[in-house]
Structures are given as C-alpha cells and as structure tokens.
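In case you want the letters, here they are:
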Amino acid sequence: MSTLRTEEMTLNMGPQHPSTHGVLRFVIKADGEVMREAIPDVGYLHRSIEKIAEKVGYHGFMPYTDRVDYVCAMFTNQGWGMACEKLAGIEVPRRGEYCRVIAAEFNRLASHLLTVGLMGMDIGAMTPFLHALREREMINDLIEELCGARLTFNYMRIGGVAWDLPPGWREKALAYLDHLEPILEEYNSLFSYNKICVERLANVAPITAEEAINYNLVGPNLRASGVNWDVRKDLPYSVYPDFDFEVPLGSGEWGTTGDSMDRYMMRIREMVQSSRILRQALKQMPDGAVLAKVVRNFKPAPGECQVRVESARGDQGWYVVSDGSANPWRVHVRTGSFAAMGIIQKLSRGLMIADLVVLIASLDVIAPEIDR
Amino acid sequence: MEALKIYERIKERFADEVLEISDRKPEPFAVVAPRAIVRIGLFLYDDPECAMDCLSNETGVDYKDRIEVVYHVFSYRHRHSCVLKVRLPRDNPSVETVEEIWRSANWMEREIFDLLGVTFEGHTDLRRILMPEDWPGYPLRKDFVEPLEYHGISTVRESPIIRLDQKKK
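Residues numbered from 1 in each chain as written. Chains lettered and ligands numbered in written order. Predicted model: local features only at pLDDT ≥ 70, side-chain atom pairs only at ≥ 80, totals over all residues.

Here's the deal with the overall build of chain B
- Within chain B, the secondary structure is distributed over four helices and nine strands.
- Helices and strands appear in chain B in the N-to-C order α-β-β-α-β-β-β-β-α-β-β-β-α.
- Radius of gyration (C-alpha) of chain B: 20 Å, far over the 15 Å computed for a compact globule of 169 residues.
- Taken along the three principal axes of its C-alpha coordinates, chain B extends 70 × 35 × 30 Å.
- A buried classification covers 38% of the 169 residues belonging to chain B.
- Long-range contacts, defined here as pairs at least 24 residues apart, represent 44% of the contacts in chain B between residues at least 6 apart. (Helix = DSSP H or I, 4+ residues; strand = E, 2+ residues; numbered from the N terminus. Rg over C-alpha atoms; globule rule 2.2 N^0.38 Å. Buried ≥ 20, exposed ≤ 12 C-beta atoms within 10 Å, placed from the backbone. Contact = placed C-beta atoms within 7 Å.)

Written as structure tokens, this is what we have:
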C-alpha cells in the first residue's frame, strides 16, 4: 500500500455553473471530496457602475443603480435616492416614502422567494423552486403595474417616487398578501421542515457572531449568527419607525447557530415580517404628493455622506462624494454579497465540495452585486 | 458616542497623528497620518468606550492632487460609527493594511488596489479582484483613459445612425 501516491486535486468550478447564481468562479483545492480551500474569483460581471456614475448626472444614474443588484433593484434605487437627498437636504413627501417602503418590501418578498426557491434547487429539489417562482411572478406583475418594469424598475427618483399607486392596486396588493401568507406555511411543511432539507442544511458551515462581524457580513447572514442588527430598526430611515415588526434571529434550532439552515430560515421569517409591514403600510398610507420638487439641474453642495439601507441582502452602504458640480465626484456601493464572498475562502476549509453549493446558496450571493 | 467625540478621543491619545478634524455637514470625518492608521485602528477596536468591531466600508477617492483612503468604522456594541481618512500622494500611494484588525478589509483593499492603485503593505493577498490581471492602469483614477481595445476586442462600437448623420453634414 505504501506505493500508492495521493495528491491534492485542483478543480475549477464556474464561471458558468448552475449553482453560482450568475457568473462566479471558484478554484477548489480538494483532497478527494473534502476541500482544502476554495478560492473565489470574481469580476466576470464587472460593469464599472461606479465609474459610470462619475460620467452621468445625479438623475441619470438612477437607472444604472437597478443593475447593481437586479434581483432587488428597489433598494439600490432607494439607497441612491437617499444619498442624494441627504447631500442636498431634500425632504421626501410622506406618501412618497410610503410608496418607497411598499415597493421595497414587495421587492424583498420577491428576492427572498427566489433565494428560498434556489436553495431548494441547489440541493437538488426542483419543486420548491417552481412553487417559489410562481409566487414571485405575481409580485413581478404587481410591480410591473406600479412602474412598468419587472426587474430593473427605475421606480424611484431623487425626492420620492416616479408614480403614485395606480387605481385599484392597493386591493390587489392586499389580495396577494392574503394569498401569500398561507403559502409560506405551505413552504415550511413542504420544504423547510422536511427531514431531507434539515439534514442537508443543519450544521453546514456555521458562522459565529464574532466572525460575522469581523468579516462584515450583513443582513440575514448576520442575523442568522444571532447578531440583532437591522438597519430598519436600529438606524431607522424612511417611515420604518411607523411600523410594528420583529427582527428574526438565528438560534441554532436545528444544529449550530449561524449554520446554513439558520440562514435559510431567516429568509422565510423575514418574508412573514415583510408581509406584516406591507399590511400596515397599505393601511396607514397618507394622501398627498409622492415626489418633492427637485431641480432638473441637480447640484448638491460639496460634501460627502454614507447612507445605509436594509436591502434583501442586508445593509447596503452608499458612499457619495459631491464636488458641487452636476456629476458626482465618487460613488461607492458597499454591498452584502461582496462581504459574503470574502468569507467563503475561510469557511471552505474542510468543507465537502457539495456543501460549497449549499454555502453559496445560503449566503444568498448575487454576482452583479459583488462585481458592480 | 457622537462621531466628533470619538475623534476627540483619538486626538487625546494620538495628538500629532490626527491631522484634521472636520465637522463638515452632513458627515464629519477625521484625517489621520498614514503611518498611524493601524495603531489608531487597534485603539478603536480595543478601547471599551469605542469598541469598533466592524469595518463597514473601506474605499478610495482620487482628488487629482492626492488619493484618499476612507474607512467607515462601526461598533455593533455601542451602535456608533466614525469616518477616518488617510491622504496619500498620487504617485506610488501606499499605506499599511488593516486586515489584521478587521478581516473584511482583505477584499475591500484588493478592490482599492485594483481600481485606484493603492498598495497595502502587509496585505496577504494583494491581487486584482474585479479587472483582468493584465488590465492597463487603474480605472477609477481621474486621468484614466480607456484603452480602445483589449486583446483585439474593441471597447467602442460605431453607430450606423450617427455615421449617417455625419454624412449628411
């Protein structure tokens, strides 16, 4: 037996791989089925959006923000809008803020539905994916009625939103929520609490709270590790203080705190809370204008700011520097997926190759948001 | 703690290394000496009053006469944040890495290196991250000129409509 030679195997995964959610590449050093290390290689979707921002004006950049994260574009719209409003000291009309929150929370539902469905598909179950996409399709229809687009919305403007809710939309939205809430229960009994799902996800790649903070994980990934931090609650923006909702936290019910199962369940539980927020928002919505008066030749005073919004992939930071001219001097987006990718190399050590797929899916990494 | 109070606290400890405290609206910031950034970072991390356990954002800005690296530091324990900056010369900008304090700096510094050409001394894995390995120059610098082609692939595409318009003239 001593003549048998073993050696480390180098595998390439991606950039076109069904479970990499866009174009991502991993160079995997493996000893059989166990990885020594997976080194992420990103940049395939880099469109230099930050450079484009320096060339188009403040208003003109809004459609580009959709492309930062096209799975939940309302949040990038809102982040950019809020950064410009903070620089120029513009106040958004209350109805405009409500429109923003409603659009954004519907978008969060759509994004989380996709994540939950993809999680199923990545571990080999096709049915949950089809169920989730069926529900997501209706949200796309609703948002299409709101702003004419199904994916890259360009719905918000600096100072508010482009259009008020169309007539009859509110009833449709409420009817949809009535339809969705029991379906979330159905998902749980179909997939989440299914023995196969629990055994596949529990105890896979747990992240401790200290690690999550040190690696700057945000949003559901951070909360799954038990850190109670939600920008909507802790650094309240827009009209979120008006609503009563809970921040679900991971507690390791199925295994270790911060494992893949916790991260998966975070999404399901956040959907329930989003639905709660939406019901309150649709009920309390005040009358009035939706867009503040903003000059077309928008030139904020020299200065800089960072705003943070709670996107579906967590705390998204927009850092904008203005030099007083019509174009921003520098724009930087700190995104949740970029941070989440940074921790994969560390977590991959000693993980099975098949579990890497679970890890990527549970971190909810979206390629355009990493590369921008 | 207010951001300005945090800057005062750093100033007490590192008098000469804090070059400027600006209370400019909407967000105040402190400019510190590049040689002290790791010491100040460690102080912010360890000091129980500050407990800045998270580097929430690190990025660079080209101001034509200098390059600034901006650190947005945040504390989950006390829920406060502050903004630190270092000013670097435009030719051959270099500063020590803060990766040892906050791991998230690893990827963010790679991005700054890739797009602005700032070298981070002591960084464990300083490679390009978004652009191809052989890309010429640093795209986010203000004097960057986009090359007309990359490996024989044109980066511009002519428009037949514009060409027609030009013919008419």
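Additional details are given in the paragraphs that follow.
A few points about the overall build of chain A
- If you tally the helices and strands in chain A, you get 14 helices and eight strands.
- Taking the principal axes of its C-alpha atoms as reference, chain A extends roughly 80 × 45 × 35 Å.
- Counting over 372 residues, chain A shows a buried share of 52%.
- Counted over contacts in chain A with a minimum sequence separation of 6, partners at least 24 positions apart contribute 71%.

Considerations on the sheet that holds strand E2 (residues 29–32) of chain B
Residue and element names in this part refer to chain B.
- One open sheet accounts for five strands, arranged E1-E2-E5-E4-E3; its pairing is mixed. Pairing within the sheet leaves two strands with one partner each, and these edge strands are strand E1 (18–22) and strand E3 (54–62). Taking each pair of neighbouring strands and ignoring which way they run, the sheet shows an average axis angle of 20°.
- Taken together, the three bridges between E2 and strand E5 (residues 80–88) define a ladder with parallel strand orientation. (Pairing = 2+ DSSP bridges. Axes fitted to C-alpha atoms, helices over the stretch in contact; angles between N-to-C directions.)

Things to note about the sheet that holds strand E7 (residues 314–322) of chain A
Residue and element names in this part refer to chain A.
- Across the sheet, which stays open at both edges, the three strands sit in the order E6-E7-E8 with antiparallel pairing between neighbours. For this open sheet the edge positions go to strand E6 (303–311) and strand E8 (330–334), each flanked by a neighbour on one side alone. On average, adjacent strands in this sheet sit at an angle of 15° to one another, irrespective of strand direction.
- Across five bridges, E7 lies against E8 in antiparallel orientation. Residue pairing in the sheet places Trp 318 in a bridge with Val 333 of E8.

Some thoughts on the nonpolar core
Residue and element names in this part refer to chain A.
- Counting residues in each nonpolar core, the largest one holds 147 residues, and the members touching the most others are Ala 83, Ala 103, Phe 106, Leu 217 and Leu 359.
- Of all the elements, helix H4 (residues 94–122) adds the most residues to this core, at 14 residues.
- Non-local contacts of Leu 359, meaning those with residues more than four positions away in its chain, are made with Val 204, Ala 205, Ser 260, Ile 344, Leu 347 and Leu 351. (Core = buried A, V, L, I, M, F, W, Y, C linked by C-beta atoms within 7 Å.)

Focus on the packing of H4 of chain A against helix H5 (residues 127–147) of chain A
Residues and elements named next belong to chain A.
- Contact geometry for H4 and H5: axes closest at 8 Å, N-to-C directions at 160°. Between H4 and H5, the angle falls in the class roughly antiparallel. For the element pair H4 and H5, the recorded crossing hand is left-handed. Taken together, the residues of H5 that come into contact with H4 (itself represented by Ala 103, Phe 106, Leu 109, Ala 110, Leu 113, Leu 114, Val 116, Gly 117, Leu 118, Gly 120 and Met 121) are Pro 128, Phe 129, Ala 132, Leu 133, Glu 135, Arg 136, Ile 139, Asn 140, Leu 142, Ile 143 and Leu 146.
- Split into classes, the residues belonging to the contact of H4 with H5 amount to 17 nonpolar, three polar and two charged. (Parallel < 35°, antiparallel > 145°, perpendicular 65-115°, else oblique. Left-handed = near helix turned anticlockwise from the far one by under 90°. Nonpolar A, V, L, I, M, F, W, Y, C, P; charged D, E, K, R; others polar.)

Remarks on the packing of helix H6 (residues 169–192) of chain A against helix H11 (residues 260–284) of chain A
Residue and element names in this part refer to chain A.
- Where H6 contacts H11, the two axes come as close as 10 Å, and the packing angle between them is 160°. Put simply, H6 runs roughly antiparallel to H11. Classified by chirality, the crossing of H11 by H6 is left-handed. Counted together, Arg 170, Ala 173, Leu 174, Leu 177, Leu 180, Glu 181, Leu 184, Tyr 187, Asn 188 and Ser 192 of H6 and Met 265, Ile 268, Met 271, Val 272, Ser 275, Leu 278, Arg 279 and Leu 282 of H11 form the full contact between these two elements.

As for the interface of chain A and chain B
- Each side of the interface is counted separately: chain A has 29 residues, and chain B has 24 residues.
- Listed by contribution, the elements that provide at least two residues to the side of chain A that touches chain B are helix H1 (49–55), helix H3 (73–88), helix H8 (209–214), E6, E7, E8 and helix H12 (336–347) of chain A.
- The biggest single contributor to the side of chain A that touches chain B is E6 of chain A, with four residues.
- The residue makeup of the side of chain A that touches chain B, split by class, is 11 nonpolar, 10 polar and eight charged.

Description of the pairing of E3 of chain B
Residues and elements named next belong to chain B.
- Among the nine residues in E3, nine count as buried, and that is most of the element.
- Across eight bridges, E3 lies against strand E4 (residues 67–75) in antiparallel orientation. Directly across from Thr 59, in E4, lies its bridge partner Val 70.
- Hairpin connection between E3 and E4: a loop of four residues separates the two successive antiparallel strands, and Lys 64 in this loop has a positive phi of roughly 70°.

A few points about the pairing of E1 of chain B
- The sheet contact formed by E1 of chain B and E2 of chain B spans four bridges and is antiparallel. Bridging across to E2 of chain B, Ile 21 of chain B finds its partner in Ala 30 of chain B.

Here's the deal with the confidence of the model for chain B
All names here are of chain B.
- On average, residues of chain B carry a pLDDT of 86, and 99% of them reach 70 or more.
- Per-element confidence in chain B ranges from a low mean pLDDT of 77 for helix H4 (residues 160–168) to a high of 91 for E4.
- Of the two predicted TM-score estimates for the complex, the pTM is 0.88 and the ipTM is 0.86. (pLDDT = per-residue confidence, 0-100.)

Considerations on unusual backbone geometry
Residue and element names in this part refer to chain B.
- Of note, the phi angle at Lys 64 is positive, near 70°, even though the residue is not glycine.
- Following the sequence through the fold, Lys 64 ends up in the loop between E3 and E4.
- Under the C-beta neighbour-count criterion, Lys 64 is labelled exposed, with 10 such atoms within 10 Å.
- Positive phi, close to 60°, is recorded for Asn 92, a residue that is not glycine.
- With respect to the secondary-structure elements, Asn 92 resides in the loop between E5 and strand E6 (94–96).

Things to note about helix H1 (residues 3–13) of chain B
Residue and element names in this part refer to chain B.
- Where H1 is concerned, the buried positions are Ile 6, Tyr 7 and Ile 10. What you see down the axis of H1 is that its buried residues fit within an arc of 100°, all on one side.
- Where H1 is buried, its residues touch E1, E2, helix H2 (37–46) and E5. (Arc of directions from axis to C-beta.)

Topic: the environment of Ser 322 of chain A
- With respect to the helices, strands and loops of the structure, Ser 322 of chain A is situated in strand E7.
- The residues touching Ser 322 of chain A, leaving out its near neighbours within four places in the chain, are Leu 87, Pro 300, Pro 302, Gly 303, Glu 304, Pro 328 and Trp 329 of chain A.

Digging into the environment of Asp 287 of chain A
- By the element assignment, Asp 287 of chain A lies in the loop between H11 and E6.
- Taking C-alpha positions, Asp 287 of chain A is 8.3 Å from Arg 94 of chain A, a pair spaced 193 residues apart along the chain.

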